[in-house]
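Spelled out from the first residue to the last, the chains are:
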Amino acid sequence: QLQLVESGGGSVQSGESLTLSCAASGFTLDYYAIGWFRQGPGIGKDLVGVACISKSAGRTYYADSVKGRFTISGDNTLHLDSLKPEETAVYYCGDPRRRARMPVENFCQMARGYDSWGQGTQVTVSS
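Residues numbered from 1 in each chain as written. Predicted model: local features only at pLDDT ≥ 70, side-chain atom pairs only at ≥ 80, totals over all residues. Heavy atoms only, no water.

J.: With reference to specific residues and values, describe the overall build of the protein chain.
T.: Assigned secondary structure in the protein chain consists of one helix and 11 strands. Order of helices (α) and strands (β) in the protein chain, N terminus to C terminus: β-β-β-β-β-β-β-β-β-α-β-β. Radius of gyration (C-alpha) of the protein chain: 14 Å, near the 14 Å computed for a compact globule of 127 residues. Principal axes of the C-alpha set define a box for the protein chain whose edges measure 40 × 25 × 25 Å. Counting across all 127 residues of the protein chain, residues that qualify as buried make up 41%. Only carbon and sulfur atoms are counted for the fraction: they give 48% of the accessible area of the protein chain, which is about 6600 Å². Looking at charge distribution, the protein chain has the averaged site of its 12 positive side-chain charges lying 6 Å from that of its 12 negative ones. (Helix = DSSP H or I, 4+ residues; strand = E, 2+ residues; numbered from the N terminus. Rg over C-alpha atoms; globule rule 2.2 N^0.38 Å. Buried < 20%, exposed > 50% of the residue type's maximum accessible area, 1.4 Å probe, protein only. Areas by Shrake-Rupley, 256 points an atom, 1.4 Å probe, with all protein chains shown as cover. Lys, Arg positive; Asp, Glu negative; His and termini not counted. Charge placed at Lys NZ, Arg CZ, Asp CG, Glu CD.)

Put into structure tokens, the structure is as follows:
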């Protein structure tokens, strides 16, 4: 199993930026993709796809709400620019290898089926 550890979260004001990292270790064979999801505050919130990368296909996918502001790189780093208060959430990176045959736009819109997740990193955006 692939082990994932997120870092880089923190508290910022609206309009500021953060860079999140997702360090991978363990079983890295067939490790060709990663997905970034977030879960808002409160009880019972769903994981929502934010940005994903398929390294084998050389393609990325971004949720409409973050296009032009968030950027995912080949080392799994997620750059979050011009942050908004409604984007306060715990951000997770996950291994979608069980969905590897799907295009990136598909596995970035379903949280179920991921092989493993990191512990999450908190992002808080104040107005």
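Having seen the model, we can carry on.
J.: Explain the sheet that holds strand 1 (residues 2-7) to me, and be specific about the residues and the numbers.
T.: In a beta sheet, neighbouring strands pair by backbone hydrogen bonds and run either parallel or antiparallel. The sheet built from four strands is open, its strands ordered 1-3-8-7 with antiparallel pairing. Strand pairing shows two members of the sheet lacking a second neighbour, strand 1 and strand 7 (70-72), which therefore form its edges. Across the sheet, the axes of successive neighbouring strands diverge by a mean angle of 15°, strand direction being ignored. Sheet topology note: the strand 3 (residues 18-26)/strand 8 (residues 78-80) ladder contains three bridges and is antiparallel. Looking at the pairing, Leu 18 lines up with Leu 80 of strand 8. (Pairing = 2+ DSSP bridges. Axes fitted to C-alpha atoms, helices over the stretch in contact; angles between N-to-C directions.)

J.: I'd like to hear about the pairing of strand 11 (residues 121-126), residue by residue, with values.
T.: Of the two faces of strand 11, only one is covered, namely that formed by Thr 121, Val 123 and Val 125; the face formed by Gln 122, Thr 124 and Ser 126 stays uncovered. Where strand 2 (residues 10-13) meets strand 11, four bridges bridge the pair, whose relative direction is parallel. Its bridge partner being in strand 11, Ser 11 is matched across the sheet by Thr 124. Pairing of strand 9 (residues 89-95) with strand 11, which is carried by three bridges, proceeds in the antiparallel orientation.

J.: Tell me about the state of the cysteines, and name the residues and values.
T.: In the structure shown here, the tally under the stated rule is two disulfides. Here Cys 22 pairs with Cys 93 through a disulfide, and the sulfurs are 2.1 Å apart. Between Cys 22 and Cys 93, the S-S dihedral sits near 80°, and the bridge is therefore right-handed. Remark: Cys 93 occurs in strand 9 and Cys 22 occurs in strand 3; sequence separation between them is 71 residues. (Disulfide = S-S within 2.5 Å.)

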